[in-house]
Amino acid sequence: MEIIDDAQVRLDKTVGVAHRKHRQRRITLAWGTSLLSKVATTGVQLIAVPLVFRALGEGGYAAYAAVTSSAGLIAVLNLGIGGSLVTPIAEAVAKSDDRKQALLVQAGLVPLVLLCILASLAVIPAVAFLPLSTLFGRVGVAGSWDLRVAALIAASATLAWCPLSAITFLRQAYQEIHFTNLFGAASNFLLCAGLLVAAKRSTSVSVFVAVFVLIPLGASAVNLGWLFLQRPFLLRSAGVRAWKNSRHLLADGIRFLGAGFSSILLYQWPVYWIARVMPASSSSWFAICMQAVVLPMASVVGLLMPLWPSTADAVARSDHHWLEITMRKGRIAVVAAGGCAFLITLFFGEQLLHLWLRKPVTLGWQVRGLMGAYLLLAT
């Protein structure tokens, strides 16, 4: 009996070590591809912002920022369901329960698709017929058709993106963030090329908005399609039980919706509101400073994302030792990144913006200090 028990213990240890190595490989792969994706993202932002700013001028860039940030407000329609899928799917994967995985995916995606279809019946007519001054304040006073078309493109693309946004969380649940990173890198390279072509051939806000929203939308659609090709069992009918799970996911998603909505209030809403009430000479520069804050934060978040599904997997397998070590290293890395961002912004923020935009920039040390402190505290 003792021999059998000892053999079982050794088997459990071997299996646990194998799972730990697999988990670590996934994190390393995610970080490696994240680096590629972040290089591409940073490159796009370094090129895109000054490119669009020079092509459209202060007034056009203010309109561009107002349209893209207002479209971001619609993203709240994802209801946080994507985030609520990560942990239960990771647990179902740990138990090799394909039926549970299909049930959860369908319970999450079907309500999102239906909600966005219903929302489009209200949002699209409002964007198409309401006065532009009502939608965009000072930016929309001129009432150009170009701005109207840009707003319709941005709103339609965002509504279509809401269900597709779940792909990021599904890839996290399967510890396959490297796929999202690779699709993101490809999308960013195409986006950069599209913006370069648009800058040479057009000064239309709608053209730049179309490039900005449609290329990432296409990348998300291809990524989701590839996930279903990899796991066709996710499309098997889950029946009425999926709708029961939808209620649980929606209730759990409220926590993630709160985080997502706070992000919208912090980053999209201020740009949209400033564009409504301030002249273009002020609102365009405000939007650029917001980009300068969001860009390094996105890099830090990208480094942390692989820890979410790996943590869920480790909890499901009761691998607490791995959790303690990994979380300790993660906290140290985050604090170090925030501290570096604070010091760089405080001492070199003005010079970096000047190099970025190739235009004279004046930022007092108070502004640089506040931007740096925000980066430190947010990370």
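A brief structural summary. (Residues numbered from 1 in each chain as written. Predicted model: local features only at pLDDT ≥ 70, side-chain atom pairs only at ≥ 80, totals over all residues. Heavy atoms only, no water.)

1. Comments concerning the overall build of the chain
Formally: Per the convention used, a helix needs a DSSP run of H or I reaching at least four residues, while a strand needs a run of E reaching at least two, with both numbered from the N terminus. Note on classification: 1.4 Å probe, protein chains only; a residue is buried when its accessible area is under 20% of the maximum for its type, exposed when over 50%, partly exposed between these limits. Residues count as neighbours in contact if any of their non-hydrogen atoms are within 4.5 Å of one another. Accessible areas in this description were obtained via Shrake-Rupley with a 1.4 Å probe; residue shielding takes into account the shown protein chains only.
Regarding its fold elements, the chain presents 13 helices and zero strands. What you see in the chain, going N to C, is helices and strands ordered as α-α-α-α-α-α-α-α-α-α-α-α-α. Evaluated residue by residue, the chain yields a buried proportion of 44% over its 379 residues. Taking as baseline every contact in the chain between residues at least 6 positions apart, the subset at least 24 positions apart corresponds to 82%. Split by element, the accessible area of the chain, about 19,100 Å² in all, is 70% carbon and sulfur.

2. Structural notes on the packing of aromatic side chains
Filter applied, for reference: In this scheme Phe, Tyr and Trp rings, the latter by its six-membered ring, pair at centre separations within 6.5 Å, and the angle between planes marks the pair as stacked below 30 degrees, edge-to-face above 60, and tilted otherwise. Ring-over charges, as used throughout, are those where CZ of Arg or NZ of Lys falls within 6 Å of the ring centre and within 35 degrees of the ring normal.
Enumeration over the complete set of coordinates arrives at seven aromatic pairs. An angle of 55° between the planes, with centres 5.6 Å apart, marks the rings of tryptophan 269 and tyrosine 272 as tilted. Note that tryptophan 269 and tyrosine 272 are positioned in helix 9 (residues 241-277) at a spacing of three residues, about one turn of the helix. Accessibility expressed as a relative area gives 36% for tryptophan 269, which makes it partly exposed. One aromatic cluster in this structure is built from Phe53, Tyr61, Tyr64, Phe212 and Trp285. The aromatic ring of tyrosine 174 is capped on one face by arginine 231, whose charged end is 3.9 Å from the ring centroid.

3. So, helix 6 (residues 166-173)
Across the eight residues of helix 6, six count as buried, placing the element largely inside the fold. Following helix 6 by one or two positions, glutamine 175 has its phi on the positive side, about 55°.

4. Side note on the packing of helix 6 against helix 8 (residues 205-230)
Basically, it comes down to this: For helices, the fitted axis covers only the stretch in contact; all axes are lines through C-alpha atoms, and the angles between them, taken along N-to-C directions, range from 0 to 180 degrees. Roughly parallel refers to an angle under 35 degrees, roughly antiparallel to one over 145, roughly perpendicular to one between 65 and 115, and oblique to any angle outside these ranges. It is the rotation of the near helix from the far one that decides the hand of a crossing: anticlockwise by less than a right angle makes it left-handed, clockwise makes it right-handed. Note on residue classes: Ala, Val, Leu, Ile, Met, Phe, Trp, Tyr, Cys and Pro are nonpolar, Asp, Glu, Lys and Arg are charged, and everything else, Gly too, is polar.
The N-to-C vectors of helix 6 and helix 8 enclose an angle of 40°; their axes lie 9 Å apart at closest approach. One way to sum up the angle between helix 6 and helix 8 is to call them oblique. The way helix 6 lies across helix 8 gives a crossing that is left-handed. Residues Ile167, Leu170 and Arg171 of helix 6 touch helix 8, and the partners they reach there are Ser220, Asn223, Leu224, Trp226, Leu227 and Gln230. Of the residues that constitute the contact of helix 6 with helix 8, the class distribution is five nonpolar, three polar and one charged.

5. Details of the nonpolar core
The nonpolar side chains of a soluble globular protein tend to be buried, and buried together. Applied cut-off: Note on terminology: a nonpolar core comprises buried Ala, Val, Leu, Ile, Met, Phe, Trp, Tyr and Cys residues joined through side-chain atoms within 4.5 Å.
The biggest cluster of nonpolar side chains holds 56 residues, and the ones touching the most others in it are Tyr61, Tyr64, Phe136, Val139, Leu195, Phe208 and Ile288. Considering every element that reaches this core, the biggest residue donor is helix 1 (residues 2-74), with 16 residues. With residues up to four places along the chain from it excluded, the contact list for phenylalanine 136 reads Ala66, Val67, Ser70, Leu147, Ala151, Tyr272, Ala275 and Arg276.

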